[in-house]
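What follows is each chain in one-letter form.
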Amino acid sequence: MFNLEEELKNLPEAPGVYIMHNKNDEIIYVGKAKVLKKRVRQYFQKNKNHTPKVLAMVANIAYFEYIVTDSEIEALVLECNLIKKHRPKYNILLKDDKQYPYIKVTINKDYPRIFMSRNLDNDGAKYFGPYTGMQTVRTTLEIVQKIFKPPTCNRRFPGDIGKGRPCLNYHINNCFAPCIAGHVSKEAYRQVFFEICSFLEVNH
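Our subject in this report is the structure included herewith. Model, not experiment: these values are computed from the prediction.

**As for helix α2 (residues 36-43)**
No. 1: Regarding α2, the residues found buried are Leu36, Lys37, Val40 and Tyr43. Looking straight down α2, one finds that the buried residues subtend no more than 125 degrees of arc, so they occupy a single side.
No. 2: Lining the buried residues of α2 we find α1 (4-9), β1 (16-21), β2 (27-33), α3 (52-59) and β3 (63-68).

Now the structure itself:
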């Protein structure tokens, strides 16, 4: 028999995916967490910030299970796959957008950029998704930023190369600084974005 208090106590402090079931053993929600213990416990704590839909979901939870992963990105990939497979009721009801978002990489440009897009256009860019909500997109973009360090500023390349000093992101090792004259070739710049696309293809 499922003992909620005991199961909450036994949750690991590790990344992973949690799966909520109703009394009919149906999967009603799938989520991912950087720390399972912290995230799952939040659902069952009194919180005035819980929306009516979240409260309704919690009221329908009969038991939960979880899968520990080696990293947050593995949890993200597993979450996406499980949601696509099971289409849980509350993942659909709780999504924060009317339209699923995508990640767009403008690989069709000489100097590509990466960002979120709500439109899927036939413009030569690469699109990854759809994702289950904005938080999933933000997490994915944060992981890409940590690994590949693409520019996020408003400078236009190649026109702005060599104009002004590199911004704070370069100094905190969060950008490979193509704005510095002679620092990054066009070919090296594009190679980073080809690697980003390969990463997103594997981890979506």
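**Examining the sheet that holds β2**
No. 1: Overall, antiparallel pairing links the 3 strands, which are arranged β2-β1-β3 in an open sheet. With partners counted over all chains shown, the strands left at the sheet margins are β2 and β3, one partner each. Averaged over all pairs of adjacent strands, the angle between strand axes in this sheet comes to 20 degrees, irrespective of strand direction.
No. 2: Each of β1, β2 and β3 is contacted by α2, which is oriented at about 25 degrees to β1, the strand it contacts most.

**Section: the sheet that holds strand β5 (residues 114-117)**
No. 1: Taken together, the 3 strands give an open sheet; going across it, the order is β5-β4-β6, and neighbouring strands pair in antiparallel fashion. The open sheet is flanked by β5 and β6 (126-128), the only strands paired with a single partner. Averaged over all pairs of adjacent strands, the angle between their axes in this sheet comes to 30 degrees, without regard to strand direction.
No. 2: As defined by bridge partners, strand β4 (residues 102-105) adjoins β6 across 3 bridges and the pair is classed as antiparallel. In the strand pairing of β6, Lys104 is matched with Tyr127.
No. 3: Docked against the sheet, helix α6 (residues 134-148) engages β4 and β5, running at close to 175 degrees with respect to β5.
No. 4: Against the sheet, helix α8 (residues 186-202) contacts β4, β5 and β6, and its axis sits at roughly 35 degrees relative to β6.

**Things to note about unusual backbone geometry**
No. 1: Cis rather than trans, the peptide bond between Phe157 and Pro158 has omega equal to 5 degrees.
No. 2: Within the secondary structure, Pro158 sits in the loop between α6 and α7 (168-171).
No. 3: Within the chain, Ala177 stands out as a residue other than glycine whose phi angle is a positive 55 degrees.
No. 4: Relative to the elements of secondary structure, Ala177 occurs in the loop between α7 and α8.

**Re the pattern of salt bridges**
No. 1: Taken as a whole and judged by the stated rule, the model has 4 salt bridges.
No. 2: Among the salt bridges present, the one from Asp110 reaches Lys186, with a minimum N-O distance of 3.6 Å. Here Asp110, found in the loop between β4 and β5, pairs with Lys186, found in helix α8; they are 76 residues apart in sequence, far enough to count as distant.
No. 3: Among the residues examined, Lys186 registers a relative accessible area of 32% and is labelled partly exposed.
No. 4: One salt bridge connects Lys126 with Glu201, and the closest N-O pair in it is separated by 3.1 Å. Placement of the pair is Lys126 in strand β6 and Glu201 in helix α8, with a sequence separation of 75 residues.
No. 5: On the basis of relative accessible area, Glu201 is assigned to the partly exposed category, the value being 46%.

What counts, and at which threshold
- Residues numbered from 1 in each chain as written.
- Predicted model: local features only at pLDDT ≥ 70, side-chain atom pairs only at ≥ 80, totals over all residues.
- Heavy atoms only, no water.
- Buried < 20%, exposed > 50% of the residue type's maximum accessible area, 1.4 Å probe, protein only.
- Helix = DSSP H or I, 4+ residues; strand = E, 2+ residues; numbered from the N terminus.
- Arc of directions from axis to C-beta.
- Contact = heavy atoms within 4.5 Å.
- Pairing = 2+ DSSP bridges.
- Axes fitted to C-alpha atoms, helices over the stretch in contact; angles between N-to-C directions.
- Salt bridge = Lys/Arg side-chain N within 4 Å of Asp/Glu carboxyl O.

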